[in-house]
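Below, each chain spelled out in residue letters.
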Amino acid sequence: MGSVRGKIRLLWGRLPADKGVLKETMKKLLLTLVLGSLTLGARPATASAAGSSTAKYVCLIVLDGGKPEYITSRLNQLPNVKKLMQHGRWYNNAFVGSLMSITPPDHLVIGTGSFPKNDGGVVNWDWGLHSTGKISPTFQAIESYTDNYAYKLIKSSGTPTLAGMIHKKYPKGIVMAGSGAHFHAAGPMGGPDANWIFAYQRSNGYWAPFTISPGRPVPKSLLNDPSLREKMPSSNDSTVPFTYDPLVLGHQDSLVMKFATRSLQKYRPRAMLLNLAEVDTVGHWSMKWKQEEGRLYKAFDQNLGQLIAAYKKAGIYNQTLFVITADHGMIQSKNRVLDREAVVNQIKSTLGHKSIILTNGGGSAGPTMTSIWLKDPANNERMARAIFAKKYDNVSAIYYATNTDGHYQYKMAGCTSCSPALVNAYNYLMSTDAGPTGEDIAILLRENARNSGMPEMPGRHGGADWGSQHVTLLLSGPGVQDGTSNHPARLTDLAPTIERFMGISPDARDGIVLADAFQSPDPADVSAQNASDTTLTPIVTALQARAAGDIRLEAAGKLANFVPSDEVIIHWKRRWAVTIAGAVVLVGTVIFLAWAVAEVRRQGTGLKWTA
Ligand SMILES: [Zn+2]
């Protein structure tokens, strides 16, 4: 009984002073206790029951920037996804659950179950280093993987990785990670412990796979397989600029899925951790967003069908856990901006021209929040308050980092029309970055707002906004409970949940096991999820409320949508036209000069050397 009282006290400590919530929580607690005892009573041999439903293989597919509605709005066109959903668990309120909703940090969160503050400090593409006053190496550079920087950084943090945990149970099992263009997704997700990590690049006129895990080469039989590469086309048959999607729309992701199918046939990996990059590219760049995401998803569904057929043919389909998820969402925003240049100028005029190490790691494109690293963190609070006082358009909240003897924390400088629940939600998200690499000042934006910069790119993500935070999550496989869950599952929860499904004791630092995905959940996992539910549901509700409120205000024309004059929109077609015109002039000049030289040679100048 003592433990039950302890449990109640623990929950009591977390309860907000709201009687409705209180009642609801007490109900849930009672239900948990009753269900827990029922489970214990009815199933004394939990281990053997779980044993029969243990997944021996896992196939995790990250649709990069995959909003849940990409699936739910066209489910009838996606028969293979639909089948998995009918025999699987779909999470309505799944969210990133850590501050940065961008590709490299979130793939590392998926691959470790740890928050950025605990996984090596990967809070962004790159970040400011106070020790040197310089910018860290960037996760956006292929060299960061081919020279092992990224893998060493993750390893040195001591965070357990999903690949490493699978190896504990299956020392000889192969864990493979891969992507098309997004080496910065496959690298962090596979991390230092995956056996093989591949990505694709242009090579001798082909889009071809290559190894991005030095010392852990992907087999040549896969890299050299002619069916797993494609000749570079002359057009990508989409509204996405050719630079960003180098193959015909859908082919890049299809090659990754084919690579997975072939790997399965040849090597039967224990785990395949795949990133499909085009979903993100289309979200960022397409001028026909819905239509082109539709084409991608239909192609994905066909490829998924082929992969599932290969699992069936290999005789291991019934032993395989499928996880389909996304690293972040996406918003489209043209007009509602935070004038980032003005903020930067304010800091420079207050603290001096060289006072900033970095603004938005790797984010010249302007994600949906602003991160600033100052040279001297002693200025954090003063500067954050001064920026908030300026009342820039579309700011939701501003935070600054404090460091007391190595204890990092974020404090709020101000919040614009925020409920206590929203402040609580922001406090939670900020805490996931609270470490030596975390930004000194964070500017969180209202829903559907972006930083100024690169106005020709319509799609954005990156911050605490619900559009960027809300992600796809579907689990299907042996022992998975069918149906829909409203639990706010997070990316940190994926690694421990997969581990539990595979019969491995989870060791993640920040995530929990999603107990409601199991037909026979572990009672301890059920209590942990219930406690997590009590904390996270109000957080997700507050983020959703901020989003809905802002969208209403926007529709009523009540939110500022002033675009700064230095943000001149140059459409990519016009940019190409200017480039081509320049090239024509250049080539013309060269031809003329060559002709002139030839004429002079032929006719002579009529001049003579007179010594
Ligand atoms: Zn991404």
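To be clear, the structure that these remarks concern was listed above.
Right, let's walk through the structure included here. All figures in this text were calculated on a predicted structure; none of them were measured in a lab. (Residues numbered from 1 in each chain as written. Predicted model: local features only at pLDDT ≥ 70, side-chain atom pairs only at ≥ 80, totals over all residues. Heavy atoms only, no water.)

## Considering the state of the cysteines
Rule in force here: Working definition: a disulfide is two cysteine sulfur atoms within 2.5 Å of each other. We call a residue buried when its accessible area falls under 20% of the maximum for its residue type, exposed when it is over 50%, and partly exposed in between, using a 1.4 Å probe and counting protein chains only.
Following the criterion strictly, the structure yields one disulfide and no others. Bridging cysteine 415 to cysteine 418, the disulfide has an S-S length of 2.0 Å. Its S-S torsion of about -80° marks the bond between cysteine 415 and cysteine 418 as left-handed, since a negative value means left-handed. With a relative accessible area of 19%, cysteine 415 lands in the buried category. Its relative accessible area of 22% is what places cysteine 418 among the partly exposed residues.

## Considering the coordination of the zinc ion
Where we set the bar: We call an atom a donor if it is N, O or S and sits within 2.8 Å of the metal, or 3.2 Å for Na, K and Ca. Water is not counted, so some sites may look partial. Note on conventions: DSSP H or I runs of at least 4 residues are helices, E runs of at least 2 residues are strands, and numbering of each starts at the N terminus.
Protein-derived ligands of the zinc ion are Asp64 (OD), Thr103 (OG1), Asp327 (OD) and His328 (NE2), with the metal-ligand distances lying across 2.0 to 2.1 Å. Written as a sequence motif, the donor residues of the zinc ion are D-x38-T-x223-D-H. Of this pair, threonine 103 sits in helix H6 (residues 103-112) while aspartate 327 is found in the loop between strand E10 (320-325) and strand E11 (331-332), placing the two residues 224 residues apart along the sequence. Pair check on accessibility: threonine 103 and aspartate 327 agree, each one buried.

## Side note on the pairing of strand E14 (residues 369-374)
Within a regular beta strand, the side chains point alternately toward one face of the sheet and then the other, so they alternate between its two faces. For clarity, the threshold we go by: In this description, strands pair whenever DSSP reports at least two bridges between them.
Of all six residues in E14, six are buried, a share of seventy percent or more. Taking every second residue as pointing to the same face, both faces of E14 are buried, with Met369, Ser371 and Trp373 on one and Thr370, Ile372 and Leu374 on the other. Where E14 and strand E17 (residues 441-445) come together, four bridges link them in antiparallel fashion. What sits directly across from methionine 369, in E17, is leucine 444.

## Concerning the sheet that holds strand E20 (residues 473-476)
Read from one edge of the open sheet, 10 strands run E8-E7-E6-E5-E9-E1-E10-E20-E2-E21, paired in mixed fashion. Only two strands of the sheet have a single neighbouring strand rather than two, namely strand E8 (230-231) and strand E21 (483-485). Relative to strand E9 (residues 271-276), strand E1 (residues 57-63) is paired through six bridges, and the arrangement is parallel. Along E9, the bridge assignment pairs valine 62 with asparagine 275.

## Overview of the pattern of salt bridges
To be explicit about the condition: Between Lys or Arg on one side and Asp or Glu on the other, a salt bridge is scored when a side-chain nitrogen of the former is within 4 Å of a carboxyl oxygen of the latter.
One pass over the full model with this rule turns up 11 salt bridges. One salt bridge in this structure joins arginine 385 and glutamate 381, with 3.0 Å as the shortest N-O distance. Of this pair, arginine 385 and glutamate 381 both sit in helix H16 (residues 380-389), four residues apart, which is roughly one turn of the helix. On the basis of relative accessibility, which here comes to 37%, the residue glutamate 381 falls in the partly exposed class. Between aspartate 522 and arginine 500 there is a salt bridge, and its shortest N-O distance comes to 3.8 Å. Taken together, the positions of aspartate 522 in the loop between helix H19 (494-501) and helix H20 (523-555) and arginine 500 in helix H19 put the pair 22 residues apart, joining distant regions of the chain.

## Examining the sheet that holds strand E15 (residues 395-404)
Strand pairing in a sheet relies on backbone hydrogen bonds. The paired strands run either parallel or antiparallel. Rules: Only the stretch in contact is used when fitting a helix axis, every axis being a line fitted to C-alpha atoms; angles between N-to-C directions are given from 0 to 180 degrees. Whether two residues touch is decided by their heavy atoms; if any such pair falls within 4.5 Å, the residues are in contact.
Taken in spatial order, the five strands line up as E13-E14-E17-E15-E16 in an open sheet, and their pairing is antiparallel. Every interior strand has two partners, whereas the edge strands, strand E13 (356-359) and strand E16 (407-415), have only one. Geometrically, the sheet is characterised by an average inter-axis angle of 20° between neighbouring strands, direction not taken into account. Contacting E14, E15, E16 and E17, H16 crosses the sheet at an angle of about 175° to E15. Helix H17 (residues 420-431) contacts E15, E16 and E17 of the sheet and is inclined by roughly 45° relative to E15.

## Some details on the environment of threonine 146
In this fold, threonine 146 is placed in helix H7 (residues 143-146). For threonine 146 and isoleucine 212, which are 66 residues apart along the polypeptide, the C-alpha to C-alpha distance reads 5.6 Å.

## Regarding the side chain of serine 263
Residue placement: serine 263 occurs in helix H12 (residues 251-267). Sequence-distant contacts of serine 263, that is, excluding residues within four places in its chain, are made with Met176, Leu222, Arg268, Pro269 and Met272.

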